[in-house]
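Working through the structure, step by step
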Amino acid sequence: MTDTVALITGAARGIGLATATLMQAEGRRVVMLDRDAEELEQAAATLPGALAIPCDVAVPQQVAQAAAEIEQTCGRLDILVNNAGVADFGPLAETDFARWRRVMETNLDGVFLMSQACLPLLSAQGGAIVNIASISGLRASTLRIAYGTSKAAVIHLTKQQAAELGEVGIRANCVCPGPVNTKLALAVHSPEIRAAYHDAIPLNRYGTEREIAEVICFLAGSRASYVTGQVVAADGGFESTGVGLPALR
Ligand SMILES: NC(=O)c1ccc[n+]([C@@H]2O[C@H](COP(=O)([O-])OP(=O)(O)OC[C@H]3O[C@@H](n4cnc5c(N)ncnc54)[C@H](O)[C@@H]3O)[C@@H](O)[C@H]2O)c1
């Protein structure tokens, strides 16, 4: 496994950093990519040997440059984890086009651009793509007109990738995390949202970065070699609880 290479986007913190850490612990060479260059440098310093690439996944030229750097430095790519994401919660009436685009350009365009740029490298290895969506892409709810729609699109994009790329040996799967206490969630989860999540989730708690990373690493690795086109909710049971009334759980 030591010569396999895994690229994780949005790896400077949160779920992306936990995934990079676990990938490295499993013996892979890790490439960490993030648009926050300063935080990325600090995070990469905790994983000796990791390659850190400052890059905005929504900017085609930067994405092409990142893929070229990986080819030059590592010579191969086995795993792409499209994890970089932004959350901006607001109702339809208050979501102007600029706000809509800010969410879409990272959450959806970024997954498209990174996957396309990495395709030649991945297909040389028969690699794996893991896209990070959200329970907000599985169940609609208030304030998520842009975020929820972007994540639902990522779920379908994953299925498109699986349908098309299977014949070149690339698997594509999607992880839908439930709430995790990262900087992203802290910014948009009000005390009311936090209380409601605790109430509505059968396991009655937020998940941890590590719990999400474990599912990502499973789907990326050889133990999932016959799994493609699947959507796995790592969400404490939230998605499976039907109408969501506590008394009807
Ligand atoms: N935390 C949650 O509750 C939760 C729930 C469901 C889904 N998710 C998804 O998990 C993923 C990781 O989220 P997190 O909670 O760890 O967030 P986070 O904010 O802690 O980390 C996200 C990282 O992505 C980077 N990033 C953002 N936009 C980027 C871009 N355009 N190019 C490159 N890097 C960019 C940020 O700089 C940051 O380091 C996201 O896709 C998010 O939507 C999170």
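Residues numbered from 1 in each chain as written. Predicted model: local features only at pLDDT ≥ 70, side-chain atom pairs only at ≥ 80, totals over all residues.

Digging into the pairing of strand 6 (residues 171–177)
How we decide: Put simply, a residue is buried when 20 or more other C-beta atoms lie within 10 Å of its own C-beta and exposed when 12 or fewer do; between those, it is partly exposed, and each C-beta is set from the backbone. Where helices and strands are cited, they refer to DSSP runs of H or I of at least four residues and of E of at least two residues respectively, numbered from the N terminus. Whether two strands pair depends on DSSP finding at least two bridges between them.
By the criterion of burial, strand 6 is predominantly enclosed, with seven of the seven residues buried. Residue alternation in strand 6 divides its side chains into two sets, Arg171, Asn173, Val175 and Pro177 and Ala172, Cys174 and Cys176, and both sets are buried. The pairing of strand 5 (residues 128–132) with strand 6 spans five bridges and is parallel. When the sheet's bridge partners are listed, Ile132 is paired in strand 6 with Val175.

A closer look at the nonpolar core
The condition is simple: Here, a nonpolar core denotes buried Ala, Val, Leu, Ile, Met, Phe, Trp, Tyr and Cys residues that are linked to one another through C-beta atoms within 7 Å. We call two residues in contact if the C-beta atoms placed from their backbones are at most 7 Å apart.
Core analysis: the biggest nonpolar cluster contains 69 residues, and Ala6, Leu7, Ile8, Met32, Val175 and Ile216 have the highest contact counts within it. At eight residues, helix 4 (residues 97–125) tops the list of elements feeding residues into this core. Beyond its immediate chain neighbours, meaning those up to four positions away, Val175 contacts Val130, Ile132, Ile212, Val215, Ile216, Leu219, Val232 and Ala234. Phe89, Ile145, Ala146 and Tyr147 belong to the second largest nonpolar core, which has six residues in total.

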